[in-house]
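Spelled out from the first residue to the last, the chains are:
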Amino acid sequence: MSMKTRALYSALSFLFRIKYFSEDWRGVSSNNFPVNADDYPTGLGIEVTNLCNANCVFCAYQYRERPTTFMPHEMFRNVIDQYVGLGKDKTGIGLTPVVGDPLVDRDLVGKIKYARSVSQINNIHMTTNAILLTQELFDQLVDAGLNMMTISMSGFDPREYERIYRNNQYANVVKNLRAIAHSNRFKKCQIEIGLRTSSLFPWLKKEYWEFRSLGFKISRNWFFDNWSGKIKEDALHGMMFLRPERRSKRIPCTMLYKGPHVLADGTITACGCRDLEGTSELRLGSLKENSMAEMLDSGKIENLRQRFLNGDLPDVCRDCKHYSPATLKY
């Protein structure tokens, strides 16, 4: 790491630590802590597949050990039915896998169509690398009911893209983005391009301003998670940094208040962010053995929250830099 890069990292880390302190203070000082426990779950994550067509340097997909799986259509319908059966109304679902890309699932349109046919589901979101996102598929997804999408993208440079996403599909992704921007469904779906870039100034590229002018919202990641120790600093490039360590995890993680994640094989975990194999202490059970209601009523979620308060974090959480405290607003 050069001196200039190290200086930028130090400055950004300092700002993050101020943010951490503010979040921790707000959590312990709030009279309403822990927050929204009675409303759990407020959302649901569903992994339609754990297969990906990229191999990003910042993602633990490269370390995945569980078998490649596509969630059967009937299981997906069962998940949706059980979730709304909990009494949830006007709620959203996320189709972003723990690792994988949802567009690889050829039944994705049918699954979204079923979810949207259920009146209680009002938002459907997913993150994709857009390699397979042709205009035709985009139109089908929006017509089926998808209304929120994040596109994971490098800075607008083919060589950088190949280093970070480790495939040669940059030109195809750019072509897809231009095509969907001219679709008459474009404004029916909230789309954000999330840059995972090693460049300090990605906005110096003409494509950045081209896509802004086409109507895309563009954000960038400065910091990346270590996936509980799996991703190392030397795996990242340029202005990509591991998220600074949080000194305190005395407040339960926000993931324990949002909602569970159903893996493609029916396993349910309390965290759809970092339970890579679905075998950690965050595992709540399997739909092949128990209903969703039984798993959520088993006391496991409450026990996990209490373990944070007791300082006895699950191992997968202890080393996780994706942690965010469940303060009053999240």
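See the structure printed just above.
Residues numbered from 1 in each chain as written. Predicted model: local features only at pLDDT ≥ 70, side-chain atom pairs only at ≥ 80, totals over all residues. Heavy atoms only, no water.

A. Structural detail: the overall build of the chain. The helix and strand tally for the chain stands at eleven helices and eleven strands. Across the 330 residues of the chain, 54% fall into the buried class. Within the chain, contacts between residues at least 6 apart in sequence are counted, and of these 74% link residues at least 24 apart. (Helix = DSSP H or I, 4+ residues; strand = E, 2+ residues; numbered from the N terminus. Buried < 20%, exposed > 50% of the residue type's maximum accessible area, 1.4 Å probe, protein only. Contact = heavy atoms within 4.5 Å.)

B. Expanded view of a nonpolar patch on the surface. Taken together, the side chains of Phe201, Trp203, Leu204 and Trp209 present a nonpolar region at the surface, about 460 Å² in accessible area. You can see Phe201 is positioned in the loop between strand 5 (190–195) and helix 7 (206–214). Residue classification places Phe201 among the partly exposed positions, given a relative accessible area of 41%. (Patch = residues over 30% accessible without salt bridge, like charges linked within 9 Å, V, L, I, M, F, W, Y side chains within 5 Å. Areas by Shrake-Rupley, 256 points an atom, 1.4 Å probe, with all protein chains shown as cover. Salt bridge = Lys/Arg side-chain N within 4 Å of Asp/Glu carboxyl O.)

C. Spatial organisation of the state of the cysteines. Evaluated as defined, the whole model comprises zero disulfides. Unpaired in this structure, Cys317 has its nearest cysteine sulfur neighbour in Cys320, at a distance of 6.7 Å. (Disulfide = S-S within 2.5 Å.)

D. Up close: the packing of helix 6 (residues 170–181) against helix 7. It is the contact of helix 6 with helix 7, at a shortest axis distance of 10 Å, that shows an interaxial angle of 25°. Between helix 6 and helix 7, the crossing angle belongs to the class labelled roughly parallel. Of the two elements, helix 6 crosses helix 7, and the hand of that crossing is left-handed. Counted together, Tyr170, Val174, Leu177, Arg178 and Ala181 of helix 6 and Glu207, Glu210, Phe211 and Leu214 of helix 7 form the full contact between these two elements. Residue classes in the contact of helix 6 with helix 7 are distributed as six nonpolar, no polar and three charged. (Axes fitted to C-alpha atoms, helices over the stretch in contact; angles between N-to-C directions. Parallel < 35°, antiparallel > 145°, perpendicular 65-115°, else oblique. Left-handed = near helix turned anticlockwise from the far one by under 90°. Nonpolar A, V, L, I, M, F, W, Y, C, P; charged D, E, K, R; others polar.)

E. Spatial organisation of the packing of aromatic side chains. Going through the model one piece at a time under the given rule, you end up with twelve aromatic pairs. A centroid spacing of 5.5 Å and a plane angle of 25° characterise the contact between Phe156 and Phe211, whose relative ring orientation is stacked. With Phe156 in the loop between strand 4 (148–153) and helix 5 (158–165) and Phe211 in helix 7, this pair connects stretches of sequence that are 55 residues apart. Phe211 carries the same exposure label as Phe156, and that label is buried. The positively charged end of Arg274 is found above the aromatic ring belonging to Trp227, 3.9 Å away from the centroid. Here the basic side chain of Arg305 rests over the ring of Tyr40, its NZ or CZ set 5.2 Å away from the ring centre. (Phe/Tyr/Trp six-rings, centres within 6.5 Å; stacked < 30°, edge-to-face > 60°. Lys NZ or Arg CZ within 6 Å of the ring centre and 35° of its normal.)

F. Broad picture of the side chain of Asp225. Tracing the backbone shows Asp225 in the loop between strand 7 (223–224) and strand 8 (241–242). Relative accessible area serves as the criterion here: at 4%, Asp225 is assigned to the buried category. There is a polar contact of 3.0 Å between the side chain of Asp225 and the backbone nitrogen of Trp227. Within polar-contact distance, the side chain of Asp225 engages the backbone nitrogen of Lys321 at 3.0 Å. Apart from the residues within four sequence positions on either side, Asp225 is in contact with Phe58, Ile231, Leu242, Arg243, Arg274, Cys320, Lys321 and His322. (Polar contact = N/O pair within 3.5 Å; in protein donor to acceptor, adjacent residues only side chain to side chain.)

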